[in-house]
Amino acid sequence: MDTAYVPHPRGSRVPVGLRAPFSGRAWREFLYLFLSLPVSIVMFAYAITVIALGAGLLVTFLGIPVLAGGLAGSRALGSLERARSRGLLGQTVDEPEPIRPSKPGLMAWVGAVLKSGVSWRHLLYSLLHFPWAVFSFVFSLTFWSVGWGLLTYPLWRWTFPAYLDQPGIQMWGDGSGNGFYLDTPAEIGFVSGVGLLLVLAGPWVVHGLTQVDRVMVQGLLGPSSLATRVSQLESDRGVVVDTAAADLRRIERDLHDGAQARLVSLAMDLGLAKEKLAEDPEAAAKMVDEAHGEVKIALQELRDLARGIHPAILTDRGLGPALSALSARCTVPVKVSVDLDRRPAAAIEGIAYFTASELLQNVSKHARATSATLDVWHTADRVMVLVTDNGRGGAHTGNGTGLAGLTERLDAVDGLLIVDSPVGGPTSITAELPWRA
């Protein structure tokens, strides 16, 4: 989010309003408005030429490719405008969707350019930005020049009697030498004070003018909302695929290292017991008894693995009983509160359960907490999952952490993870999920 002026580090005694006229940002924004006039003149002239030439040649076959070439040039000028906005205004605007011809060839490219809304928006920007650039250039230059001129009036007032044969700035006159001049110390101080007010207001006025430019650049030269949404969905789809692959690898590893290894050992033990059955029945019976215990452990591991994927109690009874059973297995005492008037979609229910499971595991493993709470409720069109603990804090969503992966998983379904965990605690983590009944 853009802000007008970033405060100086703590300890600066100069108010931000007095620092603003000398800040780099104020002068960069003024430079942007100053350069907008020549840039917009070039772009406006180019747009008029493209429209006139293309429309004039439409009676021939040349009009269509000329218009397509002009639109492509408008896209190139738009990229320069995005670079200028990024360098002087600090505004980063993503590249719009490229031209994608349906098949190779010049005519396919021409058709793709003419059907591209991005190309026409770039041409529209060249037309609309020109009158605004003229106004913002004249207004900002006049406002700030007058402000600095009046502020420094005591320094250059001497030029009036020296070269203009008058004592100071003339407010009115009758043409015969009679008039009112600002030449006394009080009047000079008043003029300088007015100039100071204009100078102090200048950065905020300039910033307000550049807000219009920001809107125009973002709205006309950036990607469309539909293209942005498509790109986000493609990214989310990639996250979902990666998450599913990671889950499959985890399940495979758990089966290989846990139940599968235990069942292989069990088969070997039963084979040895079978061999000893005839010659040493007591030893064989002991080995069978040990194998029976191994079977129970393997079954428990399989149950735990299934519970981590999608427990049966979640399907049968819903999120409330499932989370109560989940919290009962947590090593930290957890107080559970679930307030849902009806069940969300099965996919959302499963993600909410998985999210709560991951957060409670973090509490057990890393928080060093003595108590925790788990609250789930439905508000508007969102499912809220809140986990708090009185542990040591310091949780974050940086790369390589479990919370980073959980953030990506929630983002894939338009969810959100909010972490409030100062060092020393307590920790409060809120997950928002869309309500899809």
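Coordinates for the structure precede this section.
Residues numbered from 1 in each chain as written. Predicted model: local features only at pLDDT ≥ 70, side-chain atom pairs only at ≥ 80, totals over all residues. Heavy atoms only, no water.

A. Main features of the overall build of the protein chain. When its secondary structure is counted, the protein chain shows 14 helices and seven strands. Taking all 437 residues of the protein chain together, the buried fraction comes to 36%. At a minimum sequence separation of 6, the contacts of the protein chain that also span at least 24 residues come to 68%. Split by element, the accessible area of the protein chain, about 24500 Å² in all, is 64% carbon and sulfur. (Helix = DSSP H or I, 4+ residues; strand = E, 2+ residues; numbered from the N terminus. Buried < 20%, exposed > 50% of the residue type's maximum accessible area, 1.4 Å probe, protein only. Contact = heavy atoms within 4.5 Å. Areas by Shrake-Rupley, 256 points an atom, 1.4 Å probe, with all protein chains shown as cover.)

B. The arrangement of the pattern of salt bridges in detail. This structure, assessed with the given rule, holds seven salt bridges. The salt bridge partner of Glu81 is Arg84, with a shortest N-O separation of 2.8 Å. Of this pair, Glu81 and Arg84 both sit in helix H3 (residues 63-89), three residues apart, which is roughly one turn of the helix. Each of the two residues, Glu81 as well as Arg84, counts as buried. Here Glu432 ties to Arg382 by a salt bridge, and the two come within 3.6 Å at their closest N and O atoms. With Glu432 in strand S7 (residues 427-434) and Arg382 in strand S5 (residues 382-389), this residue pair connects regions lying 50 residues apart in the sequence. (Salt bridge = Lys/Arg side-chain N within 4 Å of Asp/Glu carboxyl O.)

C. Quick look at the sheet that holds S5. On the basis of which strands lie adjacent, the open sheet formed by five strands has the order S3-S4-S5-S7-S6 and mixed pairing. Across the chains shown, the open sheet's two edge strands, defined by having one partner strand only, are strand S3 (334-339) and strand S6 (416-420). Strand after strand, the sheet turns through a mean of 10 degrees between neighbouring axes, direction not considered. As judged from the six bridges shared by S3 and strand S4 (residues 372-379), these two strands associate in the parallel manner. Its bridge partner lying in S4, Val336 is registered against Leu374. Seen against the sheet, helix H12 (residues 319-328) touches S3 and S4 and runs at an angle of roughly 175 degrees to S3. Helix H13 (residues 346-367) rests against S3, S4, S5 and S7 of the sheet, and its axis sits at about 10 degrees to S5. (Pairing = 2+ DSSP bridges. Axes fitted to C-alpha atoms, helices over the stretch in contact; angles between N-to-C directions.)

D. A nonpolar patch on the surface, seen in detail. Together, Phe61, Leu106, Met107 and Trp109 give the surface a local cluster of nonpolar side chains, amounting to about 440 Å² of exposed area. Inspection of the secondary structure assignment puts Met107 in helix H4 (residues 106-115). (Patch = residues over 30% accessible without salt bridge, like charges linked within 9 Å, V, L, I, M, F, W, Y side chains within 5 Å.)

E. Geometry of the layout of surface pockets. Of the volumes computed, that of the second largest pocket is approximately 450 Å³. Every residue lining the second largest pocket is counted, 21 residues in all, and those nearest its centre are Asn362, Val363, His366, Ala395 and Leu403. For the lining of the second largest pocket, the secondary structure elements donating two or more residues are H13, S5, helix H14 (402-411) and S7. Element by element, the count of residues in the lining of the second largest pocket is highest for H13, at eight residues. (1 Å grid on protein atoms, 1.4 Å probe; cavity = no way out; pocket = protein on both sides within 12 Å on 5 of 7 lines; lining within 4 Å. Points joined across faces, edges and corners; volume = space filled by probe spheres on them.)

F. Summary view of the packing of aromatic side chains. Evaluation of the coordinates by the stated rule reveals eleven aromatic pairs. Between the aromatic rings of Phe139 and Phe143, the centroid separation amounts to 5.9 Å while the plane-to-plane angle is 25 degrees, which identifies the pairing as stacked. A residue pair is termed a helical-turn pair when its members lie 3 or 4 positions apart in one helix, as Phe139 and Phe143 do in helix H5 (residues 117-151) at four residues. Site record: aromatic cluster; members linked through ring pairs are Trp27, Phe30, Phe34, Phe137 and Trp144. (Phe/Tyr/Trp six-rings, centres within 6.5 Å; stacked < 30°, edge-to-face > 60°.)

G. Quick peek at the side chain of Ser136. Its location among the elements puts Ser136 in helix H5. Leaving out residues up to four positions away in the same chain, Ser136 has contacts with Leu33 and Leu209.

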